[in-house]
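Remarks on the overall topology
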Amino acid sequence: MKGQRVLVTGGAGFIGSNLANHLADENDVTAVDDLYLGTPDNLDDGVEFHDASVLDDDLPADVDVLFHLAALSSRPMHEEDPARGARVNVEGFINTVEQVRDHGCETVVYASTSSIYGDQTEPSHESMDVEARTGYEASKLARERYGEYYSNFHDMSMAGMRFFAVYEGFSGAEEHKGEFANLITQFAHRLANGERPDIWGDGTQTRDFTHVDDIARGLELAADHELDGVYNLGTGQSYSLNELVDRLNDVLGTDIEPIHSENTMTNYVHDTLADVSKMKEATGWEPQIDFEEGLRRVCAPYLDDE
C-alpha cells in the first residue's frame, strides 16, 4: 500500500499498532483505540491517534481503507459481560463500516478468529464448517456474516482474517496485554525470570503460532488485493505447549520444568493448525518467520540484558 488514507481500529493494541506502524511510512494512517487493552505508547510518531470507541458516532472515517481490528479479543472478556462483547465486537463493527462507507470507502479488512474451527489436528481450511461455542466466537462469526452482507448488498471488498495464535513478545507491543498475551510471550517471560510456566492439562495441546510481522504483511496484502470473503493467517505448523517450553529453555539457556494445572475450561480448543493455501493463492503471502526464528526474537531482549 502506498499513498492511502488508512483507519486502523484497535490501533493502539497489539496487532493494530504493529499494522499502523508498518503502514505509516508510505500512507496517511489514523489509529482509533479506547485504550481498554491498548496504549498510544505502542505507536510511532507518524501515526495520528484518536482516543475513541468504535461505538462512537464521529469516527475519523474519511479514508480509503479500513482495518477493523478493535475487539474484546478473548473468551473471558465476553463471558464476563456477553452484552458488552456483542456491542463492541458486532455493533462496533457495523458502526465503523457504516461511517467509512458513508465517506466512500469500499475496502475493509477485519479481524475474525481461528477459534471457530474448534479442535483440528489436520489443517483447517476456510471451507470447513464452523460453529460458535463461546460468546467470543459468536461475535466473530457475526462479523463474518455482516461482511457477507456488505459485500453482497453494498458491493464492498470485505476480507475477514482468521488469525492463528499471534505473538511478538513483551519487548514489543504485546507487553500491555499481560495475562491476555500469547503463551509464547508469557512462558518466555516467566522462564527468563526463573519462574515456572503454568500449563493447563498435560501440555499435549498444540497451537499454530504466528508472528505479528507476518500478520501485518497479510493484512496489508488483503487490502492491496481487495480481497473478499474469509482467509486464514497462520503458519501451517503447530507445536505442543510441552515442546514450546523445551524450546524456550534451549534458547534462554534455562532448565525449568512447567507446572501442570487442571484445565477446568469448557469448550477448550485443544489443537489449532492453519491451511494457508487460499491466502497464498490470492496474494502470494507466506509466513516468513518460522517457529525457531520467532522464539529467538521473543527471547533476545532477555539475553541482551545479561
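Before going into details, it helps to say that this report is about the structure given with it.

Parameters at a glance
Residues numbered from 1 in each chain as written. Predicted model: local features only at pLDDT ≥ 70, side-chain atom pairs only at ≥ 80, totals over all residues. Heavy atoms only, no water. Axes fitted to C-alpha atoms, helices over the stretch in contact; angles between N-to-C directions. Helix = DSSP H or I, 4+ residues; strand = E, 2+ residues; numbered from the N terminus. Parallel < 35°, antiparallel > 145°, perpendicular 65-115°, else oblique. Left-handed = near helix turned anticlockwise from the far one by under 90°. Contact = heavy atoms within 4.5 Å. Phe/Tyr/Trp six-rings, centres within 6.5 Å; stacked < 30°, edge-to-face > 60°. Buried < 20%, exposed > 50% of the residue type's maximum accessible area, 1.4 Å probe, protein only. Pairing = 2+ DSSP bridges. Core = buried A, V, L, I, M, F, W, Y, C linked by side-chain atoms within 4.5 Å.

1. Re the packing of helix α5 (residues 183-192) against helix α7 (residues 241-252)
- At a minimum axis distance of 10 Å, the contact between α5 and α7 shows a crossing angle of 45°. Considered as vectors, α5 and α7 are oriented oblique to each other. The chirality of how α5 crosses α7 is right-handed. In contact with Leu183, Ile184, Phe187, Ala188, Leu191 and Ala192 of α5, α7 contributes Leu241, Leu244, Val245, Leu248, Asn249 and Leu252.

2. A closer look at the packing of aromatic side chains
- Overall, the coordinates contain eight aromatic pairs when judged by the stated rule.
- With a centroid separation of 5.0 Å and an interplanar angle of 50°, the aromatic rings of Phe93 and Tyr110 are classed as tilted. Taken as a pair, Phe93 in helix α3 (residues 82-102) and Tyr110 in strand β5 (residues 107-111) lie far apart in primary sequence, 17 residues in all. Taken individually, Phe93 and Tyr110 each receive the classification buried, so the pair is uniform in this respect.
- Considering the side-chain rings of Tyr239 and Phe291, the 3.8 Å spacing of their centres and the 10° angle between planes classify their relative orientation as stacked. Separated by 52 residues along the polypeptide, Tyr239 in strand β12 (residues 239-240) and Phe291 in helix α9 (residues 291-304) bring together distant segments of the chain.
- Note on Tyr239: relative accessible area 15%, which makes it buried.

3. Some words on the environment of Phe14
- Mapping Phe14 onto the fold places it in helix α1 (residues 14-24).
- The sequence separation of Phe14 and Gly38 amounts to 24 residues, and the corresponding C-alpha distance is 7.0 Å.
- The contacts of Phe14, once residues within four sequence positions are left out, are Val166, Tyr167, Glu168, Ala173, Glu174, His176, Lys177 and Val212.

4. Regarding the sheet that holds β5
- Pairing is parallel across the open sheet formed by seven strands, whose spatial order is β3-β2-β1-β4-β5-β6-β11. Strands with a single pairing partner mark the edges of an open sheet, and in this sheet they are β3 (48-51) and β11 (229-233). Taken pair by pair, the neighbouring strands of this sheet meet at an average axis angle of 20°, ignoring direction.
- Examined bridge by bridge, strand β2 (residues 28-33) and β3 share four bridges and lie parallel to one another. The partner of Ala31 across the bridge, within β3, is Phe49.
- Where α3 meets the sheet, its contacts fall on β1 (5-9), β4 (65-68), β5 and β6 (157-163), and the angle it forms with β4 comes to roughly 170°.

5. Focus: the nonpolar core
- Core analysis: the biggest nonpolar cluster contains 39 residues, and Ile15, Phe67, Met161, Phe163 and Leu219 have the highest contact counts within it.
- Listed by contribution, the elements that provide at least two residues to this core are β1, α1, β2, β4, β5, β6, α6 (212-224) and β11.
- Dropping the residues within four chain positions of it, Leu219 is found in contact with Ile15, Leu19, Phe67, Leu69, Val109, Met161, Phe163 and Leu233.
- Counting residues in each nonpolar core, the second largest holds 22 residues, with Leu191, Leu241, Leu252 and Phe291 among its members.

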